[in-house]
Amino acid sequence: MATPSTPGDRLFLSEAHARVFGMIAAGEVVPDSDQPVVEELAALGFVVHDRPDSRPVALNPETVARRTMEALLDEAAARVAQLSALPRMADQLTGQYARGQWRAGGGSEYIDDPAVVNARLDDVVGSAEKEILSAQPGGPRDAVQLARSLERDTAALDRGVTKRTLYRASARDHAVTGEYVRAMSARAEYRTLVAAFERCIVVDRRVAFISNHLVEGAPEHSAWQITDRAMVAYIAEEFDAKWRRADPWHGELRGRVPAVDTVSGPGGVRTTRRQREILRDIVEGRPQQVTASRLGISLRTLTGEIAGLKDRFGASSLPELTYKWALSPDRLVDDEAPAAGPAGAVDGQAA
C-alpha cells in the first residue's frame, strides 16, 4: 500500500486505518500484518512511530488535523502569492526578450529612432549595387527631404544602380515633388497609384525597410530593417505587383480630382466610390467573392453592380470593361487621399 505524504492526498481513511488507529489508541498490540497501515498513519501524522520495534502512540486527531490544515493553508497562500507575482515578473522580462528575438538571427530589427533609420538607409543605399525600389504612400515631401534623397539617389545612379519609386496619385498635385521627379526622371523611373499601398524601400532585393505595425506606442517614422531573404523577396514582389498597376509619371502636374461620391467621365459616365473600388479590384484580379465580402454586399449584388458598369462603359466583357476603365478620368479619383491642405512634409522618412 502506497504511503501518502499529507492528509490532503486522500479524502478518506480506510476501515483498516480506523481499526488500527483504534487499537493503538487503546494500547493494544498491533499484529505484524498491519504494520504497513501503522506506517501510513505515522506518515499522515496521526501516529508517532519512531522505530519498528517501538510501540506506536496515537495523537489527538483534531490537533493533528488543525496543525496540518494550518500548514497547508500557509503553503497555499505562498503559492497564491507566487502565482500573483508571475504576470508582473513576465511583464518585466517580456520587452527584453522580444527585443532579443527581434535581433536574433539577423532576420529583422526594430529601429525606433528616425535618425538611425535615415543613417541605416544612407548606409544600405550607399552600398547598393543593382536596384533600389521605393514605395512612398505618405504623400509629397518638402524640399529639404527631397534634397536629401536627391543627393543619395544621384550617387547610387552614378554607380549604375537602377531606381524605381512609387507615389500616391496625389503627389501629381505637389509642385516640389513634381520638380524633383522631372529632374530625376531621365535617370530613374517614377509611377503613381490611386489605390493604397504600404511604405517600403528594398535594396538589391537583399535588405528592406518597412514601416512599424507591430510595436505599440512607437515613435513616428520608426521602422523595421528586414534581411530575411524570403521576406525581402515577398516585399519586393508586392512592390512589383503595385508597380504594374501604376501610371508612369515624369513630374507633370495635374489639377486635383475631387474625391466626391460621383464624378463625370467620358460620354457622361459617372461612377460612385463603391463602383470605383469594384473596378480597382477587377483590375487587380481579386476574386469577386473577396470583393463582395470586403464591401459588405452579397455576391449577387456585386454581379449586378458589374453588369451596370458594363452598361455604363459600353463594355461586353470584363477585359473590355478593364480597358475602358483605364481610359476613364474616374480612375484618377483618389478616394483614400486626405483633404487638401498646405503643401509640405507628410512623409518625414527619407526615401
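Everything below is about the structure shown above.
Heads up: these notes are all about the structure in this document. (Residues numbered from 1 in each chain as written. Predicted model: local features only at pLDDT ≥ 70, side-chain atom pairs only at ≥ 80, totals over all residues. Heavy atoms only, no water.)

## Quick look at the packing of helix 8 (residues 273–284) against helix 10 (residues 299–313)
Stated formally: For helices, the fitted axis covers only the stretch in contact; all axes are lines through C-alpha atoms, and the angles between them, taken along N-to-C directions, range from 0 to 180 degrees. A run of H or I in DSSP becomes a helix once it reaches four residues, and a run of E becomes a strand once it reaches two; helices and strands are each numbered from the N terminus. In this scheme, roughly parallel covers angles under 35 degrees and roughly antiparallel covers those over 145, while 65 to 115 is roughly perpendicular and the rest are oblique. For this analysis, residues touch if any pair of their heavy atoms sits within 4.5 Å. Side-chain classes follow a simple rule in which Ala, Val, Leu, Ile, Met, Phe, Trp, Tyr, Cys and Pro form the nonpolar group, Asp, Glu, Lys and Arg form the charged group, and the remainder, Gly included, forms the polar group.
At a minimum axis distance of 11 Å, the contact between helix 8 and helix 10 shows a crossing angle of 90 degrees. It follows that helix 8 is roughly perpendicular to helix 10 by the angle criterion. The segment helix 8 lies against helix 10, with Arg274, Gln275, Ile278, Leu279 and Ile282 engaging Thr301, Leu302, Glu305, Ile306, Leu309, Arg312 and Phe313. Of the residues that constitute the contact of helix 8 with helix 10, the class distribution is 7 nonpolar, 2 polar and 3 charged.

## With respect to the packing of aromatic side chains
Applicable threshold: For Phe, Tyr and Trp, rings pair up if their centres lie within 6.5 Å, where Trp contributes its six-membered ring, and each pair is then called stacked (planes under 30 degrees apart), edge-to-face (over 60) or tilted (otherwise). Note on classification: 1.4 Å probe, protein chains only; a residue is buried when its accessible area is under 20% of the maximum for its type, exposed when over 50%, partly exposed between these limits. Sitting over a ring, as applied to charges here, requires NZ of Lys or CZ of Arg to be within 6 Å of the ring centre and within 35 degrees of the ring normal.
Taken as a whole and assessed by the stated rule, the structure comprises 6 aromatic pairs. An angle of 80 degrees between the planes, with centres 6.1 Å apart, marks the rings of Tyr180 and Tyr190 as edge-to-face. Here the residue Tyr180 occupies a position in helix 6 (residues 175–184), and Tyr190 occupies one in strand 6 (residues 189–193), the gap between them amounting to 10 residues. For the pair shown, Tyr180 and Tyr190 are each scored as buried. Taking 5.8 Å as the distance between ring centres and 20 degrees as the angle between the ring planes, the aromatic pair formed by Phe239 and Trp243 counts as stacked. Of this pair, Phe239 and Trp243 both sit in helix 7 (residues 229–245), 4 residues apart, roughly one helical turn. Considered together, Phe239 and Trp243 belong to a single accessibility category, that of buried residues. Pairwise contacts between aromatic rings join Tyr167, Tyr180, Tyr190 and Trp249 into one cluster. The residue whose ring lies beneath Arg164 is Trp243, and the NZ or CZ to ring-centre distance is 5.2 Å.

## Focus on helix 6
Short version of the rule: What the arc covers is the set of directions going from the helix axis to the C-beta atoms.
Considered for burial, the residues of helix 6 that qualify are Thr177, Gly178, Tyr180, Val181 and Met184. An end-on view of helix 6 places all buried positions within 160 degrees of arc, on one side of the element. Looking at helix 6, the residues exposed on the side facing more than 90 degrees away from the buried face are Glu179 and Ala183.

## Some details on the environment of Thr322
Structurally, Thr322 can be placed in helix 11 (residues 318–327). Distance from Thr322 to Lys310, taken between C-alpha atoms, is 9.6 Å for residues 12 residues apart in sequence.

## Overview of the pairing of strand 7 (residues 200–203)
For clarity, the cut-off: Between any two strands, at least two bridges found by DSSP are needed for them to pair.
What you see with strand 7 is no split at all: Cys200 and Val202 on one side and Ile201 and Val203 on the other are buried throughout. Bridge count between strand 4 (residues 131–136) and strand 7: 4 bridges; the pairing is antiparallel. Bridging across to strand 7, Ile132 finds its partner in Val203. Pairing analysis gives 4 bridges linking strand 7 to strand 8 (residues 207–211), with the strands arranged antiparallel. If you follow Val203 over to strand 8, its bridge partner there is Val207.

## Observations regarding the pattern of salt bridges
Defined as follows: The working definition used for a salt bridge is a side-chain nitrogen of Lys or Arg within 4 Å of a carboxyl oxygen of Asp or Glu.
Applying the stated criterion to the full structure yields 21 salt bridges. A salt bridge links Glu109 to Arg120; its shortest N-O distance comes to 3.2 Å. Of this pair, Glu109 sits in strand 3 (residues 108–111) while Arg120 sits in helix 4 (residues 114–126), placing them 11 residues apart in sequence. On the basis of relative accessibility, which here comes to 23%, the residue Glu109 falls in the partly exposed class. The residue Glu252 makes a salt bridge to Arg172 at a minimum N-O spacing of 3.5 Å. You can see Glu252 sitting in the loop between strand 10 (247–248) and strand 11 (263–264) and its partner Arg172 sitting in the loop between strand 5 (162–168) and helix 6, a full 80 residues away along the chain. Given the relative accessible area of 37%, Glu252 is considered partly exposed. Shared partners join several salt bridges into a network, and the residues in it are Arg245, Arg273, Glu277, Asp281, Glu284, Arg286 and Arg294.

## Concerning the sheet that holds strand 4
Strand order across the open sheet formed by 8 strands is 3-9-8-7-4-5-6-10, with mixed pairing between neighbours. The open sheet has two edge strands, strand 3 and strand 10, and neither has a second partner. Its contacts with the sheet place helix 7 against strand 4, strand 5, strand 6, strand 7, strand 8, strand 9 (223–226) and strand 10, and it is angled at close to 65 degrees to strand 5.

In short, shape yes, function no, at least from these values alone.
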